[in-house]
Amino acid sequence: MTFKLGLTGSIGMGKSTTAQMFRDEGCEVWDADAAVHRVYAAGGSAVGPMRAAFPQAIVDGAVDRGALKTIIAADPTALKTIETIVHPLLKQDRADFLANATADILVYDIPLLFETGGNAGMDAVACVSVDAQTQEARVLARGTMTAEQFQMIREKQMPDAEKRARADYVIVTDTLEHARAQVQNIVSTIRAGLRNA
Ligand SMILES: CC(C)(COP(=O)(O)OP(=O)(O)OC[C@H]1O[C@@H](n2cnc3c(N)ncnc32)[C@H](O)[C@@H]1O)[C@@H](O)C(=O)NCCC(=O)NCCS
Ligand SMILES: Nc1ncnc2c1ncn2[C@@H]1O[C@H](COP(=O)(O)OP(=O)(O)OP(=O)(O)O)[C@@H](O)[C@H]1O
């Protein structure tokens, strides 16, 4: 039997770092942000429809994320249009992952899991969380977004408190050691359940 665990959390809360910890425990991970990178790349399935909607976002045959962020900052409705184009294209990528997966626990790292109703297809959901100041400091330290761009993205996401309330597991990402211990606990609990199923 295969267990599907959704992994979600607001921007910069530590999803990617925590997803790697699940890989270290032998889980296989489908990463929605990485899938977006694949469809945006030259030759990717998003390039044609994105060119039609936002010609200025195409640079060297690929969707350019810097250009997209400028477009989103100038037009608050642009992100919705992008989602309408991109989200259906991720379905094939995700189906390919499932068809090739062999691990007992499959982790779906999806920032907008609750927002898109994707939690319905999961056996359980884990949410990464840390205090708002740490979240902002971590995102701005990456140097890929301005404070305004960060606030705009955060406002479009379900509040952290609501995500935590809806999740089966909350992983506090205050330190790497603490997060890893929580991941190991979750994996042990799920594997014990699989053995007894
Ligand atoms: C907004 C974009 C240009 C920012 O690119 P950038 O490389 O700076 O950031 P990255 O892609 O790593 O995303 C960082 C985080 O932003 C948040 N985020 C991204 N897209 C969205 C969105 N549509 N709504 C709310 N939050 C979002 C997530 O928490 C994500 O983990 C990019 O994320 C994008 O094109 N988003 C639209 C596609 C989408 O909906 N992706 C979400 C995964 S399903
Ligand atoms: N448990 C942790 N302890 C300390 N630092 C952490 C922890 N988890 C993540 N971080 C740090 O926080 C930053 C953001 O982490 P990460 O990229 O994993 O977040 P994310 O949720 O995937 O981000 P985004 O939603 O923007 O894609 C990184 O600099 C990472 O090193």
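Residues numbered from 1 in each chain as written. Chains lettered and ligands numbered in written order. Predicted model: local features only at pLDDT ≥ 70, side-chain atom pairs only at ≥ 80, totals over all residues. Heavy atoms only, no water.

I tried to follow the pattern of salt bridges on my own but got confused; where do I start?
Where charged atoms of side chains with opposite charge meet at close range, the side chains can pair. Counting across every chain of the model gives 6 salt bridges. Residues Asp24 and Arg180 are paired through a salt bridge, measuring 3.1 Å at the closest nitrogen-oxygen approach. Residue Asp24 is found in helix H1 (residues 15-24), and its partner Arg180 is found in helix H9 (residues 176-196); the two are separated by 156 residues along the sequence. Across the pair Glu83 and Lys80 runs a salt bridge, and its minimum N-O distance is 3.2 Å. Note that Glu83 and Lys80 are positioned in helix H5 (residues 78-100) at a spacing of 3 residues, about one turn of the helix. The exposed category is assigned to Lys80, whose relative accessible area is 56%. (Salt bridge = Lys/Arg side-chain N within 4 Å of Asp/Glu carboxyl O. Helix = DSSP H or I, 4+ residues; strand = E, 2+ residues; numbered from the N terminus. Buried < 20%, exposed > 50% of the residue type's maximum accessible area, 1.4 Å probe, protein only.)

Help me understand the side chain of Asp31, please; the structure alone is not making it clear to me.
With respect to the element layout, Asp31 can be found in strand E2 (residues 28-31). The buried charged residue Asp31 lacks any salt bridge, with Arg23 as its nearest oppositely charged partner at 4.8 Å. Among the polar contacts made by the side chain of Asp31, one reaches the main-chain amide nitrogen of Asp33 at a distance of 3.0 Å. Discounting chain neighbours no more than four positions away, the residues touching Asp31 are Arg38 and Asp109. (Lys, Arg positive; Asp, Glu negative; His and termini not counted. Polar contact = N/O pair within 3.5 Å; in protein donor to acceptor, adjacent residues only side chain to side chain. Contact = heavy atoms within 4.5 Å.)

Even after reading the chapter, I still don't get the site of ligand 2, so can you show me in this structure?
Near ligand 2 you find 15 residues, and of these Gly14, Lys15, Ser16, Thr17 and Arg142 are the closest. Ser16 places a polar side-chain atom, nitrogen or oxygen, 2.7 Å from an oxygen atom of ligand 2. In the complex, the protein chains occlude 77% of the 630 Å² of accessible area that ligand 2 would expose alone. Listed by contribution, the elements that provide at least two residues to the shell around ligand 2 are H1, helix H6 (132-142) and H9. A per-class count over the shell around ligand 2 returns 4 nonpolar, 6 polar and 5 charged. (Near = heavy atom within 4 Å. Areas by Shrake-Rupley, 256 points an atom, 1.4 Å probe, with all protein chains shown as cover. Nonpolar A, V, L, I, M, F, W, Y, C, P; charged D, E, K, R; others polar.)

Honestly, unusual backbone geometry in this entry has me stumped. Any pointers?
Note: most peptide bonds trans; most residues except glycine with negative phi. One non-glycine residue, Asp60, lies in positive phi territory at about 50°. With respect to the element layout, Asp60 can be found in the loop between strand E3 (58-59) and strand E4 (62-63). Taking the relative accessible area as the measure of exposure, Asp60 reaches 76% and is therefore exposed.

How should the domain arrangement of the chain be read in this particular structure?
Interface size is commonly expressed as the accessible surface area that is lost when the partners come together. Segmenting the chain into domains produces domain 1 (1-27 + 105-197) and domain 2 (33-102). Inter-centroid distance (C-alpha atoms) of domain 1 to domain 2 is 22 Å. The partner domain 2 presents 12 residues to the 14 residues of domain 1 that form the contact. Taking both sides of the interface into account, the surface hidden between domain 1 and domain 2 amounts to around 1100 Å²; carbon and sulfur atoms contribute 69%. (Domains from an automatic or database assignment. Buried area = accessible area lost by both parts, 1.4 Å probe.)

Would you explain the site of ligand 1 in this entry?
The local shell around ligand 1 holds 19 residues, among which Tyr40, Arg65, Lys69, Glu83 and His87 are the closest. One of the side-chain nitrogen or oxygen atoms of Lys69 is found 2.6 Å away from an oxygen atom of ligand 1. Gln157 is positioned such that a nitrogen or oxygen atom in its side chain is 2.9 Å from a nitrogen atom of ligand 1. When ligand 1 sits alone it has 770 Å² of accessible area, and the protein chains cover 92% of it. Secondary structure elements with two or more residues in the shell around ligand 1: helix H2 (32-40), helix H4 (65-74) and H5. Per element, the largest residue contribution to the shell around ligand 1 is 5 residues, and it comes from H5. When the residues that make up the shell around ligand 1 are grouped by side-chain class, the tally is 12 nonpolar, 2 polar and 5 charged. The residue makeup of the shell around ligand 1 includes at least three contributed by each of domain 1 (1-27 + 105-197) and domain 2 (33-102).

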